[in-house]
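# Inside the fold
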Amino acid sequence: MTKVSPHFGDKMEIGAVQSVSTDVSFASNGFPKYKIGANYQIVEEQNVEIKGPSLKEVVAQETSQLLEQHKRLSVRDLACKFDKGLTAASKLSNEARLREVASLEGHVLLKKLRDALESLKGRLAGQNREDVQKAISMVEALAVKLTQREGELIQEKFEVKKLANFLKQASEDAKKLINQEKSFACAEIESARAVVQRFGEAFEEQERVSEISGKQIPDMEQLMEEVQEARKIRLLHQPSKVMDMDLELRALRVLIREKSIFSVKLQKELAISKRAEGNKSSLYELDGSETLGSYLRVQPRSDQAPDLSNCSIQWYRLSSDGSKKELIPGANKISYAPEPFDVGTILQAAIILNGHNDIVTTTGPIDPAAGLEGYVEALMQKPNNEFKVVISQMNGRDYPSHSVHVFHVGKMRMKLCKGWITRARESYSTSMQLCGVRGGGNSTAKAMFWQSRKGLSFVLAFESERERNAAIMLARRYALDLNVMLGGLNDQASVQA
């Protein structure tokens, strides 16, 4: 702290100031010179000393020249240039560190000077007090200016560090390139030497062979001419057996392909006929088109069949070859509308009454809807797709309002809203469930079940079967891109879209 003498009376006319303690070291021997301008503002005297470009400008200029000549310089020259730039950046970093030390010393000096002036201000009055106040203002202005200069130094230091790191990395990369190119060059030189040696040995061997067989060349040429003439005569007077065998092989391949296609077709027809025979022995049958977008309904074949209201029904999904059977959770109604999961599979309904199990099966796999795949591909080109829906149920209860809502299917989330009111908005997650409504009347093919999160579910009715199936396929594809499998209520995790 600054020491001020306690014996300070009115006898001081000019207001002498005690000197600052000498426990501070300065970077320079002289104190900066300032002038007081208008409104007591400090104006720094212009230094007329002519200076050259700063070290930072020199480094920046060298770096720009180095980048321009990168394609024309060799790898070794490039490494030398980066080393020089790294050395210059280190010098600039040291210079910035010295400036930071000098700035710290200046802050200490100004702090002590201001404390001394504040102590002196309390002991003076009149004109002397105003002069001390002006001196304090000058010191504060100097402190502000010094702080600004410190900010510039910090920014300059950051840029220097960034440039030094860049040059250091570039220098290391250049050294690696030098070593790599050197190893490649050595390998190529050794390879070239080996090739030259092999050519020399082959050339010597050729000369020895030519000397030995010089007399046999005319006889060999005559023999080759006779062999070629004999081949021409044989081709003119005898058909080629190779061509005949090739044609026979082609004909056999075509015949085998036709037979295999016919065999697959017969196997499919045989499977369909077996399922049809099994359905004939049943008391019930399936009514409806076996295509995505329609719905199937169990109905009795004759009046002797028990009433379906007294029976329990369960729908199953079978693989196309019948080797895998999977229960469809929640599908226990008389009717069932196939959804995109069911395309390519066989649907089966089991009717159970008093322990008696009666089974009816579709005649073949469920066919895809015409044009649906192209429609979905076109929708996937858009970032967000909207469908008009009506909420039929919410959390298992009938929804009183039948107003039209908008169902958004995006790449990251789904949302159900009406104007500014949002009913649900959730990102794709494992707790989300999405499928067609499994059971109901004629509108089942247009309805979809959506559980956005646990405790919040909806049954949505679309304008058409095509819109419902497209929304389900879009949502499952977007969720699959995020490694999320969207299935129905209690569906197995192995089900894929």
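Further up the page is the structure itself.
Residues numbered from 1 in each chain as written. Predicted model: local features only at pLDDT ≥ 70, side-chain atom pairs only at ≥ 80, totals over all residues. Heavy atoms only, no water.

### A few points about a nonpolar patch on the surface
Cut-off, in case you're wondering: Only residues whose relative accessible area exceeds 30% and that form no salt bridge enter a patch; like-charged residues are grouped when within 9 Å of one another, and nonpolar side chains (Val, Leu, Ile, Met, Phe, Trp, Tyr) when within 5 Å. Accessible surface is estimated by sampling points in the Shrake-Rupley manner with a 1.4 Å probe; for residues, cover comes only from the protein chains shown. We define a salt bridge as a side-chain nitrogen of Lys or Arg found within 4 Å of a carboxyl oxygen belonging to Asp or Glu. Every helix listed is a DSSP run of H or I at least four residues long, and every strand listed is a run of E at least two residues long, numbered separately from the N terminus.
Where nonpolar side chains cluster on the molecular surface, the patch consists of L249, L252, L255 and I256 and spans about 380 Å² of accessible area. With respect to the helices and strands, the residue L255 is situated in helix α5 (residues 241-280).

### A word on the sheet that holds strand β5 (residues 312-318)
Note the cut-off: When DSSP locates at least two bridges between a pair of strands, those strands are taken to pair. Think of each axis as a best-fit line through the C-alpha atoms, taken over the contacting stretch in the case of a helix, with angles from 0 to 180 degrees between the N-to-C directions.
One open sheet holds the four strands; their spatial order is β6-β5-β8-β9, and the pairing between them is antiparallel. Strands with a single pairing partner mark the edges of an open sheet, and in this sheet they are β6 (325-327) and β9 (356-361). On average, each strand axis in the sheet is tilted by 30° relative to the strand beside it, whichever way the strands run. Here three bridges tie β5 to β6, and the two strands are oriented antiparallel to one another. Residue pairing for β6: Y316 is matched across the bridge by L327.

### Some remarks on helix α6 (residues 372-380)
Stated precisely, the cut-off is as follows: When a residue's accessible area, from a 1.4 Å probe over protein chains only, is under 20% of the maximum for its type it is buried; when over 50% it is exposed; and in between it is partly exposed. By construction, the arc corresponds to the directions joining the helix axis to the C-beta atoms. Note on definitions: a residue-residue contact is assigned when non-hydrogen atoms from the two residues lie within 4.5 Å.
Every buried residue of α6 is accounted for by L372, V376 and L379. End-on, the buried residues of α6 take up no more than an arc of 60°, which puts them together on one face. For α6, the secondary structure elements touched by its buried residues are β10 (384-394) and α7 (465-481).

### Considering the nonpolar core
Note the threshold: Each nonpolar core is a collection of buried residues, namely Ala, Val, Leu, Ile, Met, Phe, Trp, Tyr and Cys, held together in the definition by side-chain atoms within 4.5 Å.
Counting residues in each nonpolar core, the largest one holds 32 residues, and the members touching the most others are F407, V409, Y428, W450 and L460. Elements with a minimum of two residues in this core: α6, β10, β12 (404-410), β13 (413-418), β16 (447-453), β17 (456-462) and α7. When residues in this core are grouped by element, the largest group, eight residues, is from α7. In contact with V409, other than residues within four places in its own chain, are N384, N385, F387, M414, Y428, L474, A475 and Y478.

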